[in-house]
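This is what each chain is made of:
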Amino acid sequence: MTTPRLPGYEVAPWELRWRWLDLDALRRTESTFALSNGHIGFRGSFEEGEPRGLPGTYLNGFYERRPLPYAEAGYGYPEDGQTVVNVTDGKIIRLLVEDEPVDMRYGSAPHHERVLDFRSGTLRRNTEWVSPTGRRVRITSERLVSFTQRAIAAIHYEVEPLDGQAQLVVQSELLANEPIDGDVDDPRVAAVLKGALVSDFAVGEGSRAVLGHHTRRSGLRMAAAMDHEVDAPAEVSTENWTEGDLARLTLAAEVPQGRKLALTKYVAYGWSSQRSPQALRAQVEAALAGARQSGWQGLLDEQRAYLDDFWEAADVEVDGDAELQQAVRFALFHVLQAGARGETRAIPAKGLTGPGYDGHAFWDTESFVLPLLTYTLPDAARNALQWRHSTLDKARTRAAQLGQSGAAFPWRSIDGDECSGYWPAGTAAFHINADVADATARYLAATGDGDFEASAGLELLVETARLWTSLGHHDAHGRFRIDGVTGPDEYTAVVDNNVYTNLMAQRNLHEAASHCELHPELASALGVDEEETARWRDAADRVVVPYDEALDVHPQSEGFTKHAHWDFANTPPEGYPLLLHYPYFDLYRKQVVKQADLVLAMWLRGDAFTPEEKARNVAYYEALTVRDSSLSSSVQAVLTAEVGHLELAYDYFAEAALADLHDIYQNVRQGLHIAALAGAWIAAVAGFGGMRDHGGELSFAPRLPPELSRISFRLCFAGSRICVTIHRDEATYALSHGEPVRTSHHGRPILLTQGQPITMPVPRPPENPLPRQPAGRAPTRRRLQPTPGG
Ligand code: BGC
């Protein structure tokens, strides 16, 4: 390549733009430029197929099973793993200019840029390419994965010869079983995924083709279809070749200089564990007919209208740091893409942006993504909880296998079966059940969705509450203990009375009891009687919350503060993440924290701590937390802001928001960190907005860091819309739509009504000594980046 190289994303409020070709950055940008609607995921690879980093096309819930081998067998170990499959690629449009394949590794590109537009919901590309023999063409493309037509993706592609008439040959493909190098690190997984799709049928006619496939072990079937509209200034010859794993429509035309060959490609996907190949074929053909009826412009218009509504409900404005403004919108856009149309499926930790974590969903969904969706796109939050509910039978079976009552949801999974092969940081992380219950209770309180409560919500609360009463026990003093579990911090495992787990279980038990008392008939249909709710309340009231009187802090779990301290001073930077360089046995017996755990308890159960306890605990755990997980910085932002360390909170906010744009964890090629991206919203809204929702009561305690001059965010609450605007000295609350909302500002009750914004002064932050982090593990000090032209 002879093009100048200026790598990096340009800073702009509503888009992510990358100019010039940087082959080394391809894998990263394929993740950041990924498009998805929560059902279909397209990584941001080039239309021409090559050069490529890690091309990927995913369908939410479409996976292959693989054996989970163990060196030593053990009772209750899951035997089957699940891995997301790279399905039939519908993005490919190859191009030949006067016989030469367009491949950006050859020739030169005087101009090349890609733009992910957060308002149009499209990925645009504009490339001027000069072939090795000197022929010049301009290629522009725009693609979308439709939010409104869930089964549809579409690409509008144009080629224009720039130096005289040229013969252009365009090959638009559906390609299954695309070989990919280095997709997965584990060779056993790679072996299962190689040629994962078995052809059922391949049909093509005219401008249309359909491929049907199934997986060997999981028994899932899928179909992908494409259709095209062509607009050319000259006659176009067309050929359709379809067989097995490949469908190809070839178009050839002589195109004069200054004129364009334009192609619109519609792609439809469908999959099922039940439906026949014929039914799937009919389904994708019907989806294509719908898309063609809307047309390219129609799809664009629907996409924009959908996003206009989303931004109206969810936008977060940040003044004073242009790069963070962009990062926050990038984060919101990708969280939306992960959750918008998943419907009866999970929201995976990477969304549908890459093969990382095998495509599994974790507690990340309920504890990080759902707080955001509950207050911005409540229907998507309900759908995600609906997915959990649809897996209840599997969770009950798992609980029974573990000798417990109620439901035990999997630590990681695609279809609801436990897939974690390492039980200390898997099955033992029982807190996921309280996280599901917390997300359920939050959703019910924020929406008052009685239908969901009756059809799914109450049952989720009840079955998780039942798990806690069987998992815990009353000791000789009548206190309720939950022993032998792992909290969020995976550097401490299988412990007694993890404060986070116990406090979240307490909330779970109380919420289940309260909702059953409100709906005795529904409760009785679930077999709940007064005696059972009394048992839940009793366990909740007597739950053990350990406290270290000598240090005056909460130990993360019993005995934690007695452990030796990790030797941070002698841990080199390349020793992180610690789990890859030190044995778990040593991590487990030392005071070192992978990610917010007790600090997370102080956010989600902030009602269980005094301000003084919070300040002391923050200081203590800041000094031990290494943030080897991307789920930590947002939570640290929330608590450091609450106890008055606003600049430190700003650093953590930036770390969460920029996790993927700066590739902080050096693995963005495997997909985005959706929980960290949701964490950008959490840091802004719960951190600087001080928003809390304990027991369904909405409250705010806003304060800005000195670097920012304004943050403004919107929330949906009980069918009403609220906008909170924070300046350094005052905050304004406005209700734009709906019934009045009761809330509070730094503890002072306020009633929001339409047309009557309320402005309140922002009090000075509490003064606490600045905490220290482990050597070398402080967050990057956020220095303001110059804005373009600024
Ligand atoms: C974290 C977990 C998280 C998982 C998936 C791990 O590194 O420790 O808390 O659920 O990543 O994001």
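Because the structure is a prediction, the values reported are computed rather than measured.

Rules behind the numbers
Residues numbered from 1 in each chain as written. Predicted model: local features only at pLDDT ≥ 70, side-chain atom pairs only at ≥ 80, totals over all residues. Heavy atoms only, no water. Helix = DSSP H or I, 4+ residues; strand = E, 2+ residues; numbered from the N terminus. Rg over C-alpha atoms; globule rule 2.2 N^0.38 Å. Buried < 20%, exposed > 50% of the residue type's maximum accessible area, 1.4 Å probe, protein only. Contact = heavy atoms within 4.5 Å. Areas by Shrake-Rupley, 256 points an atom, 1.4 Å probe, with all protein chains shown as cover. Axes fitted to C-alpha atoms, helices over the stretch in contact; angles between N-to-C directions. Parallel < 35°, antiparallel > 145°, perpendicular 65-115°, else oblique. Nonpolar A, V, L, I, M, F, W, Y, C, P; charged D, E, K, R; others polar. Pairing = 2+ DSSP bridges. UniProt positions renumbered as here; feature names shortened; annotations may be inferred. Salt bridge = Lys/Arg side-chain N within 4 Å of Asp/Glu carboxyl O. Expected span 1.5 Å × (residues − 1). Near = heavy atom within 4 Å. Polar contact = N/O pair within 3.5 Å; in protein donor to acceptor, adjacent residues only side chain to side chain.

## Observations regarding the overall build of the protein
Moving on, step 1. Secondary structure assignment for the protein yields 18 helices and 31 strands.
Moving on, step 2. Against the compact-globule benchmark of 28 Å for 790 residues, the protein has a radius of gyration of 27 Å, which places it among compact chains.
Moving on, step 3. For the C-alpha atoms alone, the extent of the protein along its principal axes is close to 85 × 60 × 55 Å.
Moving on, step 4. Here the protein holds 790 residues, and 63% of them are scored as buried.
Moving on, step 5. In the protein, of all internal contacts separated by at least 6 residues, the share reaching a separation of at least 24 is 68%.
Moving on, step 6. As presented, the protein carries roughly 28400 Å² of accessible surface, and 48% of it is formed by carbon and sulfur atoms.

## Comments concerning the packing of helix H5 (residues 364-376) against helix H8 (residues 431-447)
Moving on, step 1. In the contact formed by H5 and H8, the axes pass within 10 Å of each other and the chain directions differ by 10 degrees. When the axes of H5 and H8 are compared, the pair comes out roughly parallel. Of the residues in H8, those in contact with Glu366, Ser367, Leu370, Pro371, Thr374 and Tyr375 of H5 are Asp435, Val436, Ala439, Arg442, Tyr443 and Ala446.
Moving on, step 2. Residue composition of the contact of H5 with H8, by class: 7 nonpolar, 2 polar and 3 charged.

## Overview of the sheet that holds strand S26 (residues 710-717)
Moving on, step 1. Taking strand neighbours across the sheet as the criterion, the 5 strands line up as S21-S26-S27-S28-S31 in an open arrangement whose pairing is antiparallel. Both outer strands of the open sheet, strand S21 (316-319) and strand S31 (758-761), are each paired with one neighbouring strand and no more. Adjacent strand axes in the sheet meet at a mean angle of 15 degrees when their direction is disregarded.
Moving on, step 2. For strand S27 (residues 720-726) and strand S28 (residues 730-737), the ladder comprises 6 bridges, and the chain directions are antiparallel.

## Considering the UniProt feature "active site" (unreviewed entry) in the protein
Moving on, step 1. In this numbering, the UniProt entry assigns the feature "active site" (unreviewed entry) to Glu490.
Moving on, step 2. Within the secondary structure, glutamate 490 sits in the loop between strand S23 (480-481) and helix H10 (499-518).
Moving on, step 3. Not counting residues up to four positions away in its chain, the partners in contact with glutamate 490 are Trp411, Ala425, Tyr584, Tyr588, Lys594 and Gln595.

## Details of the side chain of aspartate 628
Moving on, step 1. Of note, aspartate 628 is situated in the loop between helix H15 (611-622) and helix H16 (633-642).
Moving on, step 2. Here aspartate 628 is in contact with Tyr491, Tyr576, Pro577, Leu578, Leu579, Lys594 and Arg777, once residues within four sequence places are set aside.

## Notes on the environment of glycine 359
Moving on, step 1. Along the chain, glycine 359 falls in the loop between helix H4 (322-339) and H5.
Moving on, step 2. Separated by 274 residues in the primary sequence, glycine 359 and valine 85 place their C-alpha atoms 8.6 Å from one another.
Moving on, step 3. Beyond its immediate sequence surroundings of up to four residues, glycine 359 is in contact with Val84, Pro348 and Ile414.

## Focus on the pattern of salt bridges
A side chain with one charge can pair with a side chain of the opposite charge if their charged atoms come near.
Moving on, step 1. Applying the stated rule across the entire model yields 68 salt bridges.
Moving on, step 2. The partner of glutamate 47 in a salt bridge is arginine 143, with the nearest N and O atoms 3.5 Å apart. Within this pair, whereas glutamate 47 is found in the loop between strand S4 (40-42) and strand S5 (57-59), its partner arginine 143 is found in strand S12 (residues 136-145), the two being separated by 96 residues in sequence.
Moving on, step 3. A relative accessible area of 2% places glutamate 47 in the buried class.
Moving on, step 4. On the basis of relative accessibility, which here comes to 2%, the residue arginine 143 falls in the buried class.
Moving on, step 5. Between glutamate 463 and arginine 396 there is a salt bridge, with its nearest N and O atoms 2.5 Å apart. Residue glutamate 463 is found in helix H9 (residues 450-471), and its partner arginine 396 is found in helix H7 (residues 392-401); the two are separated by 67 residues along the sequence.
Moving on, step 6. The class for glutamate 463 is buried, based on a relative accessible area of 8%.
Moving on, step 7. Arginine 396 gets classed as partly exposed once you look at its relative accessible area, which sits at 25%.
Moving on, step 8. Bridged by salt links that share partners, the residues Asp393, Arg396, Glu459, Glu463, Arg466 and Glu532 form one connected network.

## Brief notes about helix H6 (residues 378-390)
Moving on, step 1. Taking 1.5 Å of rise per residue, 13 residues should cover 18 Å, and H6 covers 18 Å from first to last C-alpha, within 8% of that figure.
Moving on, step 2. When we look at burial in H6, the residues that qualify are Ala380, Ala381, Asn383, Ala384, Leu385, Trp387, Arg388 and His389.
Moving on, step 3. Here the buried face of H6 lies against H4, H5, H7, H8 and H9.

## Here we look at the site of the ligand
Moving on, step 1. The environment of the ligand is formed by Tyr357, Phe362, Trp363, Asp364, Trp411, Glu490, Lys594, Gln595, Ser629 and Leu631.
Moving on, step 2. Here tryptophan 363 contributes a side-chain N or O atom positioned 2.9 Å from an oxygen atom of the ligand.
Moving on, step 3. For the ligand, an oxygen atom lies 2.5 Å from a polar atom in the side chain of glutamine 595.
Moving on, step 4. For the ligand, the protein covers 92% of the area, taking 310 Å² as the surface of the free molecule.
Moving on, step 5. Residue composition of the shell around the ligand, by class: 5 nonpolar, 2 polar and 3 charged.

## Concerning the sheet that holds strand S16 (residues 208-215)
Moving on, step 1. Overall, antiparallel pairing links the 10 strands, which are arranged S1-S2-S10-S11-S12-S13-S20-S17-S16-S15 in an open sheet. Of all strands in the sheet, those with a lone pairing partner are strand S1 (9-10) and strand S15 (197-205), marking the two edges.
Moving on, step 2. The pairing of strand S10 (residues 108-117) with strand S11 (residues 122-130) spans 8 bridges and is antiparallel. When the sheet's bridge partners are listed, histidine 111 is paired in S11 with glutamate 128.
Moving on, step 3. Of the strands in this sheet, S11, S12, strand S13 (152-161), S15, S16, strand S17 (221-231) and strand S20 (261-272) are in contact with helix H3 (residues 277-314), which crosses S20 at around 135 degrees.
Moving on, step 4. Running over the sheet, H4 touches S1, strand S2 (15-19) and S10 and is turned about 70 degrees from S10.

## Regarding H5
Moving on, step 1. Taking 1.5 Å of rise per residue, 13 residues should cover 18 Å, and H5 covers 17 Å from first to last C-alpha, within 8% of that figure.
Moving on, step 2. With 13 of 13 residues buried, H5 lies mostly within the body of the structure.

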